[in-house]
Amino acid sequence: MSCFEITKRLVNTGNGLIMNCYTCGNEKGPLFLMLHGFPEIGWSYRHQLRYFGNKGFYAVAPDQRGYGQTKGWEQKKDKDQDQDKDENSYIQSFDLFNLVKDIIGLTYGLKYEKAIIMGHDWGAPIAFWCSMIRPDIFQKLILLSNPCSSPNEITIEDTYTNAMKELTSKGMIHYHQWLCSPKTIDEINQNIGNFLKSCLFSCSSSSQMSKSFSSEKNQLAPIMWPISQSWFEISELPKENEMNWFSENDLKIYIENWKETNFYGSINWFKNINRERNLTQLYTKKNFKFPCYLLQESMIGIN
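Every value quoted in this text rests on a predicted model; they were computed, and no experiment measured them.

Scoring rules and cut-offs
Counting from 1, residues in each chain are numbered in the order their sequence is written. A pLDDT threshold of at least 70 governs which residues receive local features in this predicted model, and a stricter bar of 80 or more applies before side-chain atom pairs are shown or counted, although totals over entire chains, interfaces and linings include all residues. The basis for every side-chain value is the complete set of non-hydrogen atoms in the structure, without hydrogens or water. Numbered from the N terminus, helices here are DSSP runs of H or I no shorter than four residues, and strands are runs of E no shorter than two. Buried means the residue's accessible area, taken with a 1.4 Å probe over protein chains only, is under 20% of the maximum for its type, while exposed means over 50%, and partly exposed covers the values in between. By the convention used here, residues are in contact when the closest approach between their heavy atoms is within 4.5 Å. Note on pairing: two strands pair once DSSP finds at least 2 bridges between them. Helix axes use the C-alpha atoms of the stretch in contact, all axes being lines fitted to C-alpha atoms, and the angles between their N-to-C directions lie in the range 0 to 180 degrees. For classification, angles of less than 35 degrees are called roughly parallel, those exceeding 145 degrees roughly antiparallel, those between 65 and 115 degrees roughly perpendicular, and all remaining angles oblique. Under the convention adopted here, Pro, Cys and the residues Ala, Val, Leu, Ile, Met, Phe, Trp and Tyr are nonpolar, Asp, Glu, Lys and Arg are charged, and Gly plus all remaining residues are polar. Take the buried Ala, Val, Leu, Ile, Met, Phe, Trp, Tyr and Cys residues and link them wherever side-chain atoms come within 4.5 Å; each set so joined is a nonpolar core. Note on convention: near helix rotated counterclockwise from far helix by under a right angle means a left-handed crossing. Clockwise means right-handed. Pairing of aromatic rings covers Phe, Tyr and Trp, the last counted by its six-membered ring, and requires centre-to-centre distances within 6.5 Å; plane angles under 30 degrees mean stacked, over 60 mean edge-to-face, and any other angle means tilted.

1. Structural notes on the overall build of the chain
Counting its regular elements, the chain contains 13 helices and nine strands. By residue count, 50% of the 303 residues in the chain fall in the buried class. Within the chain, contacts between residues at least 6 apart in sequence are counted, and of these 76% link residues at least 24 apart.

What follows is the structure, encoded as structure tokens:
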């Protein structure tokens, strides 16, 4: 029996991207797409790729738009256009529906018409909306750590912005707000190794922060924290052997990818949250009729 190993493959999505994919398995087997979250890359699924690739599937984990070694999403300025309009257009290219188009294009680029799709963290809503919008292609759905649903009602109330403003009035900051600050991204890009280690460890079941996440003592971090502090001040770095589930080689691969890409593209996913709320109202009260599996704990990662 063949033992498949992980290989890399570049795929033209037809949506402006040359998508870098980590693949494993027989290309004639059923397609199993695995979508990563933040601040991850397709390599996050290395264990799952090997497992399912050797169970008869063609397992594929892409670096999504703004991540890893995928190309074609970089901002291109047109001197004849208004800079603000160009910037807005660029940010909107990272909205949920365009990210769904990327995955549809990837599926066709791989020469498939159907796929099982799985998403973790930010990858979960992309996987969910792939199945909602194109259930003819994505007929089985797996969500990891992030349950999703269609909107319950159409509303003009900006609940997301209002919630962020309320937090600010209480002297707190949500990690979405912190990430979307230009100052923050510069800080992350200058401390990529520590940011990745602190983020992956603090959000894992190994850290004291995650253990206290649902306790009465601390229900806030790592989701929100006092506005006077930075993530680098409230997060945890692993002590020796505390992060043995994530090797130094894995960390090296992450750092090399993020040094090449930086975090400017991936943060645009967060900048589109309000826009996505408006877009998805088209599907108000729409139910899905396909098999769906949800794996949910207070903190779950795939690394």
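2. Details of the sheet that holds strand β1 (residues 7–12)
Strands sit in the order β1-β2-β4-β3-β5-β6-β9 across an open sheet of seven strands; the sheet is mixed. The open sheet is flanked by β1 and β9 (292–295), the only strands paired with a single partner. Within this sheet the neighbouring strands show an average axis-to-axis angle of 25°, counted without direction. Here six bridges tie strand β5 (residues 115–120) to strand β6 (residues 138–144), and the two strands are oriented parallel to one another. Note that in β6 the partner of Gly119 across the bridge is Leu143. Packing against the sheet, helix α1 (residues 46–53) makes contact with β2 (18–24), β3 (31–35) and β4 (58–62), and its axis sits at approximately 160° to β4. Set on the sheet, helix α4 (residues 123–133) makes contact with β3, β5 and β6; between it and β5 the angle comes to about 150°.

3. As for helix α12 (residues 264–271)
Spacing of three or four residues puts side chains on the same side of an α-helix, whose turn is 3.6 residues. Of all eight residues that make up α12, six are buried, and the element is covered over most of its length. Every buried residue of α12 is listed here: Gly265, Ser266, Ile267, Asn268, Trp269 and Phe270.

4. What to know about the packing of helix α3 (residues 96–109) against α4
At their nearest, the axes of α3 and α4 sit 9 Å apart, and the two run at 75° to each other. Viewed along their axes, α3 and α4 adopt a mutual orientation that is roughly perpendicular. For the pair α3 and α4, the contacting residues are Leu96, Phe97, Leu99, Val100 and Ile103 in the first and Ile126, Trp129, Cys130 and Ile133 in the second. Class assignment of the residues belonging to the contact of α3 with α4 gives a composition of nine nonpolar, no polar and no charged.

5. Looking at the nonpolar core
Grouped together as the largest cluster of nonpolar side chains are 81 residues, with contacts concentrated most on Leu33 and Phe263. Setting aside its immediate chain neighbours within four residues, Leu33 contacts Val60, Ile103, Leu106, Thr107, Leu110, Ala115, Ile116, Ile117, Met118 and Phe138.

6. Focus: the packing of helix α8 (residues 192–202) against helix α11 (residues 248–261)
Packing of α8 against α11 leaves a shortest axis separation of 10 Å and a crossing angle of 125°. Here α8 is positioned oblique relative to α11, judged by the angle of their axes. Considering the relative orientation of α8 and α11, their crossing is right-handed. Of the residues in α11, those touching α8 at Ile192, Gly193, Leu196, Lys197 and Leu200 are Leu251, Tyr254, Ile255, Trp258 and Lys259.

7. Focus on the packing of aromatic side chains
Within the structure shown, the criterion is met by 28 aromatic pairs. Ring geometry for Phe38 against Phe263: centres 6.0 Å apart, planes inclined by 75°, an arrangement best described as edge-to-face. Of the two residues, Phe38 sits in the loop between β3 and α1 while Phe263 sits in the loop between α11 and α12, which places them 225 residues apart along the sequence. When its relative accessible area of 11% is taken as the criterion, Phe38 is described as buried. Judged by relative accessible area, Phe263 falls into the buried class, the value being 0%.

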